[in-house]
Amino acid sequence: MPSPERAGAGVLITYDDIHVQVDAGRSTLMRLGQAGVAPHALTVVLLTHLHSDHVTGLADLVLTRWVQDHLYHTGGLPLVAPAGRAETFLQRLLDTYEYDIEVRAQHVQEGGPQVEAHWFDVPDKPAVVWRSACGRVEIEAVRVRHEPVEEAVGYRITTPDGSVVVSGDTRVCDEVAELSAGADVLVHEACRSTALAEAVRGTRFETIFSYHADTVALGAMAQRVGVPHVVLTHLIPAPHTPGEEQEFTADLRRGGYDGQVTVGQDLATIEFGQEPASA
Ligand SMILES: [Zn+2]
Ligand SMILES: [Zn+2]
């Protein structure tokens, strides 16, 4: 559900000058700008799956980076995504802008937009799918449970300062639990399925809730795994008041989680590692 104060799906992980963007939902480029990261500064974009709320901002990133390339000369945008449908999606996305690309290329651009694609077969166990050129940042992926969506993954981003897991869209599942073992922060999608079960019974929302992560079950999983900090994102339903935000935290507590919980707001920033920047 669009919420004016909330951009679409997206998480930015920064280590030194390496900027990893997971998903590119609505308004991603603008939020990145507010976070001080222009399209040319992005190191890599990871896609979790092809639901539109996770990719509607991708064209903005690809085309804006291309249009500005004569200024920054950063070249194509590195993109990491499951092989198969994402390849078709990207090709058609570029085809859609065929005339824009053609006319700009004739005018000022040198050639069309480039995407440096890293496709991978969805692994059933966490597997490395990308490393930064400097070797300091490594990214693993694993299949998550968002059926009927195929090729849905979560990612773990590991840096010398620590590890962040981003669930993508999924029910609470063993795959994300395994991926989260030893991680510093788990950024997980969140749906108040248990709390709203009666309200949505027999409606389409009941079906939608069935492939998202129930916040009570998420609390139980996070406690079992022992991840010290859970950041909730992709909030269903989007909270509009502090009280409604606290309900998400309360759900995790009902599930038994006693670690730190952050209910995500746009531009919320979590810092950790050896030398966190001063506030
Ligand atoms: Zn989805
Ligand atoms: Zn989604």
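For the structure, check the block above.
The rules behind each value
Residues numbered from 1 in each chain as written. Chains lettered and ligands numbered in written order. Predicted model: local features only at pLDDT ≥ 70, side-chain atom pairs only at ≥ 80, totals over all residues. Heavy atoms only, no water. Donors = N, O, S within 2.8 Å, 3.2 Å for Na, K, Ca; no water. Tetrahedral: all angles 85-135°; square planar, octahedral: opposite > 155°, others 65-115°. Helix = DSSP H or I, 4+ residues; strand = E, 2+ residues; numbered from the N terminus. Buried < 20%, exposed > 50% of the residue type's maximum accessible area, 1.4 Å probe, protein only. Pairing = 2+ DSSP bridges. Axes fitted to C-alpha atoms, helices over the stretch in contact; angles between N-to-C directions. Contact = heavy atoms within 4.5 Å.

Trainee: Describe in detail the coordination of the zinc ion (ligand 2), supporting the description with residues and values.
Mentor: Bound to the zinc ion (ligand 2) on the protein side are Asp53 (OD), His54 (NE2), Asp169 (OD) and His234 (NE2), at distances that span 2.1 to 2.2 Å. Considering all four donor atoms around the zinc ion (ligand 2), angles at the metal cover 87 to 165 degrees and the coordination shape is irregular. Of note, the zinc ion (ligand 2) draws all its donor residues from one chain, in the sequence arrangement D-H-x114-D-x64-H. In this structure, the zinc ion (ligand 2) lies 3.5 Å away from the zinc ion (ligand 1), the two metals sharing Asp169 as a donor. Taken as a pair, Asp169 in the loop between β9 (162-166) and α7 (174-180) and His234 in strand β11 (residues 229-236) lie far apart in primary sequence, 65 residues in all. Grouping residues by exposure puts Asp169 and His234 together as buried.

Trainee: Residues and numbers for the sheet that holds strand β3 (residues 44-46), please.
Mentor: Taken together, five strands build an open sheet; the order of strands is β1-β2-β3-β4-β5 and the sheet is mixed. On the outer flanks of this sheet lie β1 (11-15) and β5 (115-120), each paired with one strand and no other. Direction aside, neighbouring strands of the sheet carry axes that sit 20 degrees apart on average. Of the strand pairs in this sheet, β3 and strand β4 (residues 77-82) are connected by two bridges, and their pairing is parallel. Each bridged residue has a counterpart across the sheet, and for Leu46 the counterpart in β4 is Val80. Sheet strands in contact with helix α3 (residues 58-67) are β3, β4 and β5, and its direction is about 155 degrees off that of β4. The strands touched by helix α5 (residues 85-96) within the sheet are β4 and β5, with β5 carrying the most contacts at an inclination of about 160 degrees.

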